[in-house]
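Geometric and topological summary
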Amino acid sequence: MVRPATTCQIVPLAAAPDAAPTLARWFVEARPPYYGDDGPGAAAADLAACARTGSLPTAVVALDSAGRTLGTAALKRNSAGDAAFPGPWLAALLVGPGHRRRGIGSALVAAIEVEAVRQGFDAIYVSADEAGAIFERRGWLAVGEAPSLTGPVGVYRFELASSLERC
Ligand SMILES: CC(C)(COP(=O)(O)OP(=O)(O)OC[C@H]1O[C@@H](n2cnc3c(N)ncnc32)[C@H](O)[C@@H]1OP(=O)(O)O)[C@@H](O)C(=O)NCCC(=O)NCCS
């Protein structure tokens, strides 16, 4: 079980639409090559596409006890690495700059693992650079590398069936 040092609740993005503008701003700041003015991405549109439940793409949001936005993570069909690995992918994991290293990212990863089980998947993947430790600590296995806009990134796989057996 993940116990974030900061009290937070994790809800579907569809239930917390007010979080989207803050999250979109954080994505632009965190990933300028992709979401910046000259990049190919559109943060607000990507978030809007994930404001659904029960099918892909979907996203969750971490909120504090006052309802303020802390971070987000998504479950998507595509991500860096999808040419070599089938997915689905944990993607768009982001914790606000003032809220990091308090367990919120790990809690968001846990929530996406649960969502993937709920949707009937056997395994999920993520592509990650220096943040790979957050996945290794939860039992995700490094399975390869993938190209990205910022250079090669590690690809990790998490077996959902084995995580269920441990419960
Ligand atoms: C990566 C990110 C989501 C982590 O969120 P977080 O809430 O700080 O994560 P946690 O507090 O749950 O971290 C758990 C563990 O993961 C590892 N970890 C987290 N962030 C890390 C980083 N930037 N570099 C290396 N290890 C990291 C550490 O082992 C950490 O444990 P510790 O704090 O006891 O050392 C956050 O830093 C972020 O949003 N970064 C910018 C966007 C990004 O890189 N997203 C990841 C895409 S895969």
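The model shown is predicted, which means the values in this text are computed figures rather than measured ones.

1. Quick notes on the overall build of the chain
When its secondary structure is counted, the chain shows six helices and seven strands. The linear arrangement of helices and strands in the chain, starting from the amino end, is β-α-α-α-β-β-β-α-β-α-β-β-α. Computed over C-alpha atoms, the radius of gyration of the chain comes to 15 Å, within 12% of the 15 Å expected from 2.2 N^0.38 for 167 residues, which places it in the range of a compact globule. Over its C-alpha atoms, taken along the principal directions, the chain stretches across nearly 35 × 35 × 30 Å. Evaluated residue by residue, the chain yields a buried proportion of 35% over its 167 residues.

2. Let's talk about unusual backbone geometry
Residue L56 is joined to P57 through a cis peptide bond whose omega torsion reads -5 degrees. Looking at the secondary structure, you find P57 in the loop between α3 (43-49) and β2 (58-63). The peptide bond linking G87 to P88 adopts the cis configuration, its omega dihedral lying at 5 degrees. Position of P88 relative to the elements: it lies in the loop between β3 (69-76) and β4 (89-95). Of note, the phi angle at A92 is positive, near 55 degrees, even though the residue is not glycine. Inspection of the secondary structure assignment puts A92 in strand β4.

3. So, helix α4 (residues 104-118)
Between the first and last C-alpha of α4 there are 21 Å, a value that for 15 residues agrees with the 21 Å anticipated at 1.5 Å per step. Buried residues of α4: I104, G105, A107, L108, V109, A111, I112, E113, E115 and A116, and no others. Backbone geometry just downstream of α4 places G120 in the positive-phi region, at approximately 90 degrees.

4. Details of the site of the ligand
Within the structure, the ligand sits among 18 residues, and R100, G105, S106, A131 and I134 are positioned closest to it. At the level of elements, β4, α4, β5 (123-128) and α5 (132-136) are the ones that each hand at least two residues to the shell around the ligand. Grouping the constituent residues of the shell around the ligand by class yields 10 nonpolar, three polar and five charged.

5. Regarding the pairing of β4
Most of β4 is tucked away, with six of its seven residues classed as buried. Here β3 pairs with β4 via five bridges, running antiparallel. Looking at the pairing, T72 lines up with L94 of β4.

6. Remarks on helix α1 (residues 20-30)
An α-helical turn contains 3.6 residues, so a residue and the one three or four places further along point in the same direction. Looking at α1, one finds that the buried residues are A20, L23 and F27. With its buried residues spanning 65 degrees around the axis, α1 presents them on a single face. Looking at the buried residues of α1, the elements they touch are α2 (32-35), α3, β3 and β4.

7. Thoughts on the environment of T72
In this fold, T72 is placed in strand β3. What makes T72 buried here is the crowd of 26 C-beta atoms within 10 Å. Separated by 46 residues in sequence, T72 and W26 place their C-alpha atoms 10 Å apart. Apart from the residues within four sequence positions on either side, T72 is in contact with L13, L23, A59, V60, V61, A92, L94 and L108.

Conventions used here
- Residues numbered from 1 in each chain as written.
- Predicted model: local features only at pLDDT ≥ 70, side-chain atom pairs only at ≥ 80, totals over all residues.
- Helix = DSSP H or I, 4+ residues; strand = E, 2+ residues; numbered from the N terminus.
- Rg over C-alpha atoms; globule rule 2.2 N^0.38 Å.
- Buried ≥ 20, exposed ≤ 12 C-beta atoms within 10 Å, placed from the backbone.
- Expected span 1.5 Å × (residues − 1).
- Near = placed C-beta within 6 Å.
- Nonpolar A, V, L, I, M, F, W, Y, C, P; charged D, E, K, R; others polar.
- Pairing = 2+ DSSP bridges.
- Arc of directions from axis to C-beta.
- Contact = placed C-beta atoms within 7 Å.

Worth remembering: the numbers are spatial, not functional.
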